[in-house]
Amino acid sequence: MPKPKLFGDDFDAKVVAAGIRARRETLAAGVPVFYRDSASGLELMEYPDGRRFEIQYVAGAPRESNYRVLREIGKNAA
């Protein structure tokens, strides 16, 4: 049985646009952004200067140290 769609395509587009806007505003404020890249499946941390890093979350660790940097992601990667 197909899964019912609760919201329309217009709603989905607005949610995506809001997420993009929030990411840009956060980076513009000088704060790094943590997110899961849906295309690559990687957990990423992005700095306002454009550098991106693959990270791994550390369960149970305090908020200031709850991730580990695995590698820097180049501009053309991921």
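Within every chain, residues take consecutive numbers counted from 1 along the sequence as written. A pLDDT threshold of at least 70 governs which residues receive local features in this predicted model, and a stricter bar of 80 or more applies before side-chain atom pairs are shown or counted, although totals over entire chains, interfaces and linings include all residues. Processing note: side-chain calculations cover all non-hydrogen atoms of the structure and skip hydrogens and water entirely.

S.K.: Can you lay out the pattern of salt bridges for me, pointing to particular residues and giving the numbers?
M.R.: Within this document, salt bridges are pairs made up of a side-chain nitrogen of Lys or Arg and a carboxyl oxygen of Asp or Glu, the two lying within 4 Å of each other. On inspection of all chains with the given rule, the structure shows five salt bridges. Here Lys 14 and Asp 10 are joined by a salt bridge, their closest N and O atoms 3.5 Å apart. Of this pair, Lys 14 and Asp 10 both sit in helix 1 (residues 9–28), four residues apart, which is roughly one turn of the helix. For Lys 14, a relative accessible area of 54% puts it in the exposed group. Helical segments are the DSSP runs of H or I of at least four residues, strand segments are the runs of E of at least two, and each set is numbered from the N terminus. Each residue gets one of three labels from its accessible area relative to the maximum for its type: buried under 20%, exposed over 50%, partly exposed in between, using a 1.4 Å probe on protein chains only.

S.K.: I'd love a proper account of the sheet that holds strand 3 (residues 52–57), names of residues and values included.
M.R.: The four strands lie next to each other as 1-2-3-4, forming an open sheet whose pairing is antiparallel. Strand pairing shows two members of the sheet lacking a second neighbour, strand 1 (33–36) and strand 4 (67–73), which therefore form its edges. The mean inter-strand angle of the sheet, taken between neighbouring strand axes irrespective of direction, is 35°. Here, a strand pair is defined by DSSP locating no fewer than two bridges between the strands. Note that strand 3 and strand 4 share six bridges and pair antiparallel. The partner of Arg 52 across the bridge, within strand 4, is Ile 73. Inter-axis angles, ranging from 0 to 180 degrees, are taken between N-to-C directions of lines fitted to C-alpha atoms, where helices are fitted over the stretch in contact.

S.K.: Quick rundown of the environment of Val 31? Include the residues and the values.
M.R.: Residue position: Val 31 is located in the loop between helix 1 and strand 1. A relative accessible area of 40% means that Val 31 is categorised as partly exposed. What Val 31 contacts, discounting residues up to four positions off in sequence, is Thr 26 and Pro 48. The contact definition used throughout considers only heavy atoms, calling two residues in contact when any of these lie within 4.5 Å.

S.K.: Can you break down the environment of Ile 20 residue by residue, with the values?
M.R.: Looking at the element boundaries, Ile 20 is found in helix 1. By relative accessible area, which is 37% here, Ile 20 ends up partly exposed. Sequence separation between Ile 20 and Arg 51 is 31 residues, and the spatial gap between their C-alpha atoms is 17 Å.

S.K.: Describe helix 1, listing the residues and the values that go with them.
M.R.: Between its terminal C-alpha atoms helix 1 stretches 29 Å, which fits the 28 Å expected from 20 residues at 1.5 Å a residue. A positive backbone phi angle near 85° is found at Gly 30, which sits one or two residues after helix 1. Here the expected length of a helix is defined as 1.5 Å per residue gap, with one fewer gap than residues.

S.K.: Would you mind going over a nonpolar patch on the surface in detail, with residue names and values included?
M.R.: Each patch is built from residues that are more than 30% exposed by relative accessible area and take part in no salt bridge. Like charges join if they lie within 9 Å; nonpolar side chains (Val, Leu, Ile, Met, Phe, Trp, Tyr) join within 5 Å. For accessible areas, the Shrake-Rupley method is used with a probe of radius 1.4 Å. Any residue's cover is judged against the shown protein chains and nothing else. Taken together, the side chains of Leu 6, Phe 7, Phe 11 and Val 15 make up a nonpolar region of the molecular surface, amounting to roughly 440 Å² of accessible area. If you trace the backbone, Leu 6 turns up in the segment before helix 1. For Leu 6, a relative accessible area of 73% puts it in the exposed group.

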